[in-house]
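Chain and residue survey
Here's the letter readout for the chains.
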Amino acid sequence: MKEQITNAISDFFFEYETPRQVLVRNRRVGVVCRLIQLGVLAYIIGWVFIYEKGYQSTDTAVSSVFTKMKGVGYTNVNGAERVWDVADYVFPPQGDSSFVVMTNYIMTEGQQMGKCPELPGKHNCSTDSDCEGGSYKRTGHGEMTGVCVNATKTCEVLAWCPVENDHVIPDPPLLLSAENYTLFIKNSVTFPLFGVTRSNLVEGVDAEYIRECLHHSQKDPLCPIFRLGDIVKESGFNFELIAKVGGAIGIVIEWTCNFDVDVKHCKPQYHFHGLYGNPAETDKARASVGYNFRYAKHYMEDKVQKRTLLKVFGIRFDIIVQSLARKFDIIPTLTAIGSGVGIFGVATVVCDLVLLYLLPKRKFYKNMKFKYTESHVQDPESEAGSTETEITKVRDS
């Protein structure tokens, strides 16, 4: 028994098994095999290595965006002249990556808390019983007092009076001058895996260049200063239409970098997309059009709190940073090569199916593919000296 165990261990450590191969001379099968192998090779080289860059590791960036607007607007509404600067028309003013530039507005001045009639169409009434005291409507401006005002045939409400009338939107927009405002974008990205930090103020974009440049997709693609009219145009909108009722535009800063070459070649690309804005002339049935919000400026007058209410129509800008950096790495390279070598086995499987099941001489090829052996082994421990027949089926690849 000890000798048998020793022999088994010796066979395991000092013997090597290799598959038996059968060479088949068949033109059709040979052509099929080579075509499949060429297809696999083209897939590995063309798709895995060249297109998908399977020999590189990837990383996305940690990003920061800072914005600054420049420009002055002018309005003359009912003889009241006013100049609007950045502090008046940008919301919020902190230079975020998402902000709104006001292009149109409805202003209600001198509001104070009190009782006044609602607008026609909001709380219409004929008697006091139509105005339930203490209740309110979702589209109204305040809480009903239970009184029907005969002069307007609307319910009296407790609200900021006079109530806002936003039925008529100024047309043309009051701040069409916003078309010539400029936007400065400062963006920095860091790729932690590769330890690389880049800014959109790349080599050659210095203070002197910034003072004179204006972004153009062909002439000045790296200039970080953008004219609002150009942004709206490249996003597919008409400025006057979107300025009237507002809308939203996405500014995409794309960083696609290959760190196998010099880092200075890692530069941003800017893309502009209209997210939502004005409906078409034939699409007036939409429930919600444009972009707007309300903003109030509170003040004290004769010890009475008052406010100026603005319904602001504007263009919302959302700056989105997309990044992908690549660099050679031995691990993904070996993984891609290993998976490619494994796929080569598809050719063998297909050719075996053709040989064993489709060709006229499939029985002949099957006999060549599989070898049946019979060995008569005498069992020395058997008292009767019986023989044991062992049939082994060896599959060759």
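Everything below is about the structure printed above this text.
Now for a look at the structure at hand. (Residues numbered from 1 in each chain as written. Predicted model: local features only at pLDDT ≥ 70, side-chain atom pairs only at ≥ 80, totals over all residues. Heavy atoms only, no water.)

**Focus: the nonpolar core**
One recurring pattern in soluble globular proteins: nonpolar side chains tend to sit buried together. Convention followed: The definition of a nonpolar core used throughout is a set of buried Ala, Val, Leu, Ile, Met, Phe, Trp, Tyr and Cys residues joined through side-chain atoms within 4.5 Å. Only protein chains enter the area calculation, which uses a 1.4 Å probe; residues under 20% of their type maximum are buried, those over 50% are exposed, and those in between are partly exposed. We count a stretch as a helix when DSSP gives it H or I for four or more residues in a row; a strand needs E for two or more, and each element gets its number in order from the N terminus. Between two residues, a contact is recorded if the distance between any of their heavy atoms is within 4.5 Å.
Residues Met69 and Phe317 are the most contacted members of the largest nonpolar core, which totals 41 residues. Ranked by residues supplied to this core, first place goes to strand β15 (residues 304-328) with six residues. Once you skip the residues sitting within four places of it in the chain, methionine 69 turns out to touch Val86, Tyr89, Val90, Phe99, Val101, Tyr181, Thr182, Leu183 and Leu228. Of all hydrophobic cores here, the second largest spans 11 residues; its members include Cys125, Met144, Ala159 and Cys161.

**Section: the packing of helix α8 (residues 345-358) against helix α9 (residues 362-369)**
Just so we agree on the cut-off: An axis is simply a line fitted to the C-alpha atoms; with a helix, the fit covers only the stretch in contact. Between two such axes, the angle follows the N-to-C directions and lies from 0 to 180 degrees. Orientation is classified from the angle alone, with under 35 degrees giving roughly parallel, over 145 giving roughly antiparallel, 65 to 115 giving roughly perpendicular, and any other angle giving oblique. Amino acid classes used here: Ala, Val, Leu, Ile, Met, Phe, Trp, Tyr, Cys and Pro are nonpolar; Asp, Glu, Lys and Arg are charged; the rest, including Gly, are polar.
Where α8 meets α9, the closest approach of the two axes is 6 Å, and the angle between their N-to-C directions is 125°. With respect to each other, α8 and α9 are oriented oblique. Residues Asp352, Leu355, Leu356, Tyr357 and Leu358 of α8 pack against Arg362, Tyr365, Lys366 and Lys369 of α9. For the contact of α8 with α9, the class distribution of residues is five nonpolar, no polar and four charged.

**Observations concerning the pattern of salt bridges**
The test is simple: Basic side-chain nitrogens of Lys or Arg form a salt bridge, by our definition, when they fall within 4 Å of a carboxyl oxygen of Asp or Glu.
Counting across every chain of the model gives nine salt bridges. Note that arginine 227 and glutamate 179 form a salt bridge whose closest N and O atoms lie 3.9 Å from each other. In this pair, arginine 227 sits in strand β11 (residues 225-227) while glutamate 179 sits in the loop between β8 (154-161) and β9 (182-191), placing the two residues 48 residues apart along the sequence. Owing to a relative accessible area of 22%, arginine 227 belongs among the partly exposed residues under this scheme. On the accessibility criterion, glutamate 179 (30% relative accessible area) is partly exposed. One salt-bridge network, in which partners are shared between bridges, spans Glu164, Asp166, Arg294 and Lys311.

**Examining the side chain of glutamine 111**
Our working definition: Polar contact criterion, stated in full: a pair of N or O atoms within 3.5 Å, where within protein one must be able to donate a hydrogen and the other to accept it, and residues adjacent in sequence count only if both atoms are side-chain atoms.
Topologically, glutamine 111 is positioned in strand β6 (residues 98-117). Among the polar contacts listed, one links the side chain of glutamine 111 to the backbone oxygen of proline 162, at a separation of 2.8 Å. When sequence neighbours within four positions are dropped, the list of residues in contact with glutamine 111 reads Trp160, Cys161, Pro162, Val163, Glu164, Gln305, Lys306, Arg307 and Leu309.

**Remarks on the state of the cysteines**
The line we're drawing: Two cysteine sulfurs form a disulfide in these notes if their separation is within 2.5 Å.
A full pass over the atoms with the stated rule returns five disulfides. The side chain of cysteine 125 participates in a disulfide bridge whose partner is cysteine 148; the two sulfur atoms lie 2.0 Å from each other. Across the S-S bond of cysteine 125 and cysteine 148 the torsion is about 90°, and the bridge reads as right-handed. Of this pair, cysteine 125 sits in the loop between β6 and β7 (143-149) while cysteine 148 sits in strand β7, and the two are 23 residues apart along the sequence. This pair shows no difference in class: cysteine 125 is buried, exactly as cysteine 148 is. Sulfur-sulfur distance for the disulfide between cysteine 213 and cysteine 223 comes to 2.0 Å. Measuring the twist about the S-S bond at about 70°, one finds the cysteine 213-cysteine 223 disulfide to be right-handed. Linking cysteine 213 in the loop between α4 (207-212) and β11 with cysteine 223 in the loop between α4 and β11, this pair joins segments that are 10 residues apart in sequence. Look at cysteine 223 and you get buried, because its relative accessible area is 0%.

**Re helix α7 (residues 330-343)**
The following threshold applies: A helix is expected to span 1.5 Å multiplied by its residue count minus one. The arc under discussion is defined with respect to the helix axis, by the directions toward the C-beta atoms.
Look at α7: 20 Å from first C-alpha to last across 14 residues, which is about the 20 Å you get at 1.5 Å a residue. Taken as a whole, α7 has its buried residues at Thr333, Ala336 and Gly340. One face of α7 carries all of its buried residues, which in axial projection span an arc of 65°. Opposite its buried face, α7 presents the exposed residues Ile331, Leu334, Thr335, Val341 and Gly342, each directed more than 90 degrees away. Contacts from the buried residues of α7 go to α2 (27-51) and β15.

Honestly, it's all geometry; don't read function into it.
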